[in-house]
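# Examination of the molecular architecture
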Amino acid sequence: MSLLYAENKSAKTKKHSAKDLNWKWLFIPAAALLAAVLLNSFCIVCAIVPSASMEDTVKAGSLVVASRLSYYKKSPARGDVILFCHEELGTSFIMKRIVGLPGETVEIYSGQVYIDGTSLSESYVKGKTSDFGPVVVPEDHYFVLGDNREHSYDARFWEDPFVSIDEIRARAAIVLFPSPKEIG
């Protein structure tokens, strides 16, 4: 009698273990999905660049990874390539380079950007920059331009030419596709 009881108990244990094993296999993809959602919501942004406005720095169709944590302890800096949302431009992420900082006077003439009257050195610029300004960048706002100035719909053309600190979502860090490189 005790042998039969032991066999039944062993069969129930094997059946129960198979159910537990199936449940554990569902846990792995669920945990991976949760990790991806949390990373994308709080740490990084992955975005495909739809236009040529940032060429040659970032080509159209490139997959870019940006850090949401870059400005946690420091302020955005001139030269940073940022992803932001601007109420005038809809809800999609926009990618541009910070040129003007809060309190600075930005003016563009003869194809050259001037910050507080001093010519800005921009080795990354492609194309001719159209005249603009002068404008004073408000507190907690930034003035942004695309690197491919002839093909960039940027602050020069917006009704409100400034991006507020609250609109900045991330700092572009790496191009993953088509050819991996760091964005400087």
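The structure we're discussing is the one just above.
These remarks concern the structure in this document.

Procedures and definitions
- Residues numbered from 1 in each chain as written.
- Predicted model: local features only at pLDDT ≥ 70, side-chain atom pairs only at ≥ 80, totals over all residues.
- Heavy atoms only, no water.
- Core = buried A, V, L, I, M, F, W, Y, C linked by side-chain atoms within 4.5 Å.
- Buried < 20%, exposed > 50% of the residue type's maximum accessible area, 1.4 Å probe, protein only.
- Helix = DSSP H or I, 4+ residues; strand = E, 2+ residues; numbered from the N terminus.
- Contact = heavy atoms within 4.5 Å.
- Salt bridge = Lys/Arg side-chain N within 4 Å of Asp/Glu carboxyl O.
- Phe/Tyr/Trp six-rings, centres within 6.5 Å; stacked < 30°, edge-to-face > 60°.
- Lys NZ or Arg CZ within 6 Å of the ring centre and 35° of its normal.
- Pairing = 2+ DSSP bridges.

### Details of the nonpolar core
If you look at the biggest cluster of nonpolar residues, it comprises 24 residues, and the most contacted ones within it are Phe84, Val113 and Phe143. Secondary structure elements with two or more residues in this core: strand E3 (81-84), strand E4 (94-100), strand E5 (105-109), strand E6 (112-115), strand E8 (132-136) and strand E9 (141-145). If you tally residues by element for this core, the top one is E9, at four residues. In contact with Phe84, not counting residues within four places along its chain, are Ser92, Phe93, Ile94, Lys96, Val144, Trp158, Val163, Glu167, Ile168 and Arg169. In this structure, Ala47, Met54, Leu83 and Met95 belong to the second largest nonpolar core, which totals 14 residues.

### Examining the pattern of salt bridges
Overall, the coordinates contain eight salt bridges when judged by the stated rule. With a shortest N-O distance of 2.7 Å, Arg78 and Glu104 are connected by a salt bridge. With Arg78 in the loop between strand E2 (63-67) and E3 and Glu104 in the loop between E4 and E5, the pair connects residues that are 26 residues apart, well separated along the chain. Overall, the relative accessible area of 11% leaves Glu104 in the buried class. Residue Arg149 pairs with Glu122 through a salt bridge whose shortest N-O separation is 2.7 Å.

### What to know about the packing of aromatic side chains
If you walk through the whole model with that rule in mind, you get five aromatic pairs. Relative to Phe157, the ring of Tyr153 lies with its centre 6.1 Å away and its plane at 10°, an arrangement referred to as stacked. Judged by relative accessible area, which is 49%, Tyr153 ranks as partly exposed. Here the aromatic residues Phe132, Phe143 and Phe162 are joined through ring pairs into a cluster of three or more. One Lys or Arg, Arg97, reaches over the ring of Tyr124 and ends 3.7 Å from the middle of that ring.

### A short note on the pairing of E5
On E5, burial follows the alternation: Val106 and Ile108 on one face are buried, whereas Thr105, Glu107 and Tyr109 on the facing-out side are not. Examined bridge by bridge, E5 and E8 share three bridges and lie antiparallel to one another. Among the inter-strand pairings, Val106 is bridged to a residue of E8, identified as Val135. For E5 and E6, the ladder comprises four bridges, and the chain directions are antiparallel. Bridging from a neighbouring strand, Ile108 pairs with Val113 of E6. Linking E5 to E6, which pair antiparallel, is a turn of two residues; within it Ser110 sits at a positive phi near 55°.

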